[in-house]
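Understanding the architecture of this molecule
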Amino acid sequence: MGAVAIGLAATLFALAADAAAEQFTDYAERYRYAPLVTTPLIFAALVWVTRRYVPLARGSGIPQVIAAQANPEQATRSLVSIRTVLGKALLTLAAVMGGASVGREGPTVQIAAAVMGLSHRLLRVPLRGAVLIAGGAAGVAAAFNTPLAGLLFAIEELASAYEQRVTLLVIAAIVIAGMVAQSLQGDYIYFGLIGAHMPLATALLIAPIAGIFGGLAGGLFARLTLMLATGRNRLTDWSKAQPIAFAAACGLVVGGIGCATGLTWGTGYGAARAMIVGVDAPLWFGPAKFLATLATAVAGLPGGIFAPSLAVGAGIGNLLRGLFPGSPSSAIVILGMVGYFAGVVRAPLTAVIILSETTVSRGLMLPMFATAFIADSASQFVCREKLYHGLSKSFAIR
């Protein structure tokens, strides 16, 4: 019952997020410089509403699910309560309509965990942390139509110590939620049928470079996010003392970059897919999207970083294309996405499988695995702590 509800919720949330993104795109095209004013104001308003009414809805949603496993029953009244996730969904949609560089996948994980918690409360079934893991994994699977990635995400990120007996529960939730979402949305492939491949000799040269470059960039994003969210420095002290003003400043950064480029708004899905299929893109897209996503992530408003991170990774792959003009451009872009995503979330298996399932590039599996593991190691030179686990400490149940 919970898995069916997750499939329905993920589908409705995806449709609403896509509609919100289209509304903002039309607005930004019609009034190109208006977001310089409206985006900072929306950022400030969203942070004010979040802090006042649903403080546990801020950020991605994945750290909340990690923290909720310590006390699942209590978490259903706080971290993964229906009030929290309803606020999360509405405020994330508002952030998308404001031009924030956010994705819906992280919020879907928190929503899915709350749905599983509610189903157990309604049926008066004891709630275990494994159920929240299963719900979060099903949320990833339903959001991307990637069942294997959902399973690996449960193992690598949501569960610090994965138990053998949890496997059936996780797989069942993923299969049911995925079937419901697929029956409503159709059997789609997130980035389309790409089928990229690369000769082994070429991969031996490109994979290490993509892994090192992407891993270092992803580690830098994680380090800066954790530093600004949990560290002690002048900027962090000011952000905590004046959260509304800080959010407005972050919104001004996002609005300025978006108005100057016209490409960094929202998830970045369109730009990422264009680069994957071989469309030439400006070399500055990756760094610009990196800054827009960082400013959004530390502002304190609800929203995920999954999809924006994939877009930044595509920008990194686009930078690498110029170094290897004779190599398949789609494959290089995908390796850049794998390297950066693995560097940010430090989940190399999830990075590989999610790109494999969203592009159907199974012929690129070995180079992707090499890139991901190199990126995971390179990321640790910049940021030792895993991003989601570091952020989850601020949501610890006391």
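Structure first, text after, so check above.
Calculation criteria
Position labels on residues start from 1 in each chain and follow its written sequence. In keeping with the model being predicted, local features are shown solely for residues with a pLDDT of at least 70 and side-chain atom pairs are shown and tallied solely at 80 or more, while totals for entire chains, interfaces and linings include all residues. The basis for the side-chain values is all heavy atoms of the structure; hydrogens and waters are excluded. The helix count covers DSSP runs of H or I at least four residues long, the strand count covers runs of E at least two residues long, and both are numbered beginning at the N terminus. Only C-alpha atoms enter the radius of gyration; for comparison, a globular chain is expected to reach 2.2 Å times N to the power 0.38, where N is the number of residues. Burial classes: relative accessible area under 20% of the type maximum marks a residue as buried, over 50% as exposed, and values in between as partly exposed (1.4 Å probe, protein chains only). Any pair of residues with heavy atoms lying within 4.5 Å of one another is described as a contacting pair. Every accessible area reported is derived by Shrake-Rupley at a probe size of 1.4 Å, with residue values counting cover from the shown protein chains alone. We score Asp and Glu as negative and Lys and Arg as positive, and we do not count His or the chain ends. Throughout, a charge is located at the NZ atom of Lys, the CZ atom of Arg, the CG atom of Asp or the CD atom of Glu. Residue count minus one, scaled by 1.5 Å, sets the expected span of a helix. Here, a salt bridge means any side-chain nitrogen of Lys or Arg that lies within 4 Å of a carboxyl oxygen of Asp or Glu. Every axis corresponds to a line fitted to the C-alpha atoms, with the helix fit spanning only the stretch in contact, and the corresponding angles, defined between N-to-C directions, vary from 0 to 180 degrees. Any angle that falls under 35 degrees is termed roughly parallel, while one over 145 is termed roughly antiparallel, one within 65 to 115 roughly perpendicular, and all others oblique. Crossing handedness is defined as follows: a turn of the near helix away from the far one that is anticlockwise and smaller than a right angle gives a left-handed crossing, while the clockwise case is right-handed. The nonpolar class holds Ala, Val, Leu, Ile, Met, Phe, Trp, Tyr, Cys and Pro. Asp, Glu, Lys and Arg form the charged class, and all remaining residues, Gly among them, are polar. Note on aromatic contacts: the rings of Phe and Tyr and the six-membered ring of Trp form a pair at centre separations within 6.5 Å, being stacked when their planes are under 30 degrees apart, edge-to-face when over 60 apart, and tilted otherwise. We define a polar contact as two N or O atoms separated by no more than 3.5 Å, with the added condition that, inside protein, one atom must be a possible hydrogen donor and the other a possible acceptor, whereas residues neighbouring each other in sequence contribute only through side-chain atom pairs.

1. With respect to the overall build of the protein
When you go through the protein residue by residue, the secondary structure sums to 19 helices and 0 strands. Relative to the 2.2 N^0.38 estimate, which gives 21 Å for 398 residues, the radius of gyration of the protein is 19 Å and therefore close to what a compact globule would have. Seen through its principal axes, the protein has C-alpha atoms that stretch 60 × 50 × 40 Å. Buried residues in the protein amount to 58% of all 398 residues. Within the protein, contacts between residues at least 6 apart in sequence are counted, and of these 81% link residues at least 24 apart. Approximately 15,800 Å² of the protein is accessible, and the part contributed by carbon and sulfur atoms is 65%. Seen as two clouds, the 26 positive and the 15 negative side-chain charges of the protein have centres 10 Å apart.

2. Quick look at helix 17 (residues 348-359)
Helix length check: helix 17 (12 residues) gives 17 Å between terminal C-alpha atoms against 16 Å at 1.5 Å per residue, within 8%. Among the residues of helix 17, Pro348, Thr350, Ala351, Val352, Ile353, Ile354, Leu355, Ser356, Glu357, Thr358 and Thr359 are the ones counted as buried. Where the residues of helix 17 are buried, they touch helix 7 (129-144), helix 8 (147-158), helix 13 (269-276), helix 15 (306-321), helix 16 (329-345) and helix 18 (365-382). One or two positions beyond helix 17, positive phi appears at valine 360, with a value near 50 degrees.

3. Concerning the pattern of salt bridges
This model, assessed by the stated rule, comprises 4 salt bridges. Here arginine 321 makes a salt bridge to aspartate 280, at a shortest N to O gap of 3.6 Å. In this pair, arginine 321 is assigned in helix 15 and aspartate 280 in the loop between helix 13 and helix 14 (285-297), connecting sequence segments 41 residues apart. Under the relative-accessibility criterion, arginine 321 is labelled buried at 13%.

4. Some remarks on the packing of helix 10 (residues 200-230) against helix 15
Helix 15 packs onto helix 10 with a crossing angle of 140 degrees between their chain directions and a minimal axis gap of 11 Å. On the basis of their axis angle, the class for helix 10 and helix 15 is oblique. Between helix 10 and helix 15 lies a crossing whose hand is right-handed. Here Ile209, Ala210, Phe213, Gly214 and Ala217 of helix 10 lie close against helix 15, whose contacting residues are Ile316, Leu319 and Leu320. Grouping the constituent residues of the contact of helix 10 with helix 15 by class yields 7 nonpolar, 1 polar and no charged.

5. Observations concerning unusual backbone geometry
In this model, arginine 346 sits at a positive phi of 55 degrees, which is unusual for a non-glycine residue. For arginine 346, the position within the fold is in the loop between helix 16 and helix 17. For valine 360, which is not glycine, the phi dihedral falls at a positive 50 degrees. Mapped onto the elements, valine 360 comes out in the loop between helix 17 and helix 18.

6. Looking at helix 15
If you check helix 15, its first and last C-alpha atoms are 23 Å apart, about what 16 residues at 1.5 Å a residue would give, namely 22 Å. With 15 of 16 residues buried, helix 15 is to be regarded as a mostly interior element.

7. Quick look at the packing of aromatic side chains
A full pass over the atoms with the stated rule returns 10 aromatic pairs. Arranged with centres 6.1 Å apart and planes meeting at 80 degrees, the rings of tryptophan 48 and tyrosine 53 form a pair that is edge-to-face. On the accessibility criterion, tryptophan 48 (43% relative accessible area) is partly exposed. Residue classification places tyrosine 53 among the partly exposed positions, given a relative accessible area of 42%. Both rings, one in tryptophan 238 and one in phenylalanine 246, keep their centres 5.7 Å apart while their planes meet at 85 degrees; by these two values the pair is edge-to-face. Here phenylalanine 246 falls in the buried class, since its relative accessible area comes to 6%.

8. Topic: the side chain of threonine 359
Within the element layout of this structure, threonine 359 appears in helix 17. For threonine 359, a relative accessible area of 0% gives the class buried. A polar side-chain atom of threonine 359 sits 2.6 Å from the main-chain carbonyl oxygen of leucine 355.

9. Side note on the environment of leucine 216
Note that leucine 216 resides in helix 10. The sequence separation of leucine 216 and serine 377 amounts to 161 residues, and the corresponding C-alpha distance is 9.0 Å. Once you skip the residues sitting within four places of it in the chain, leucine 216 turns out to touch Ala378 and Val382.

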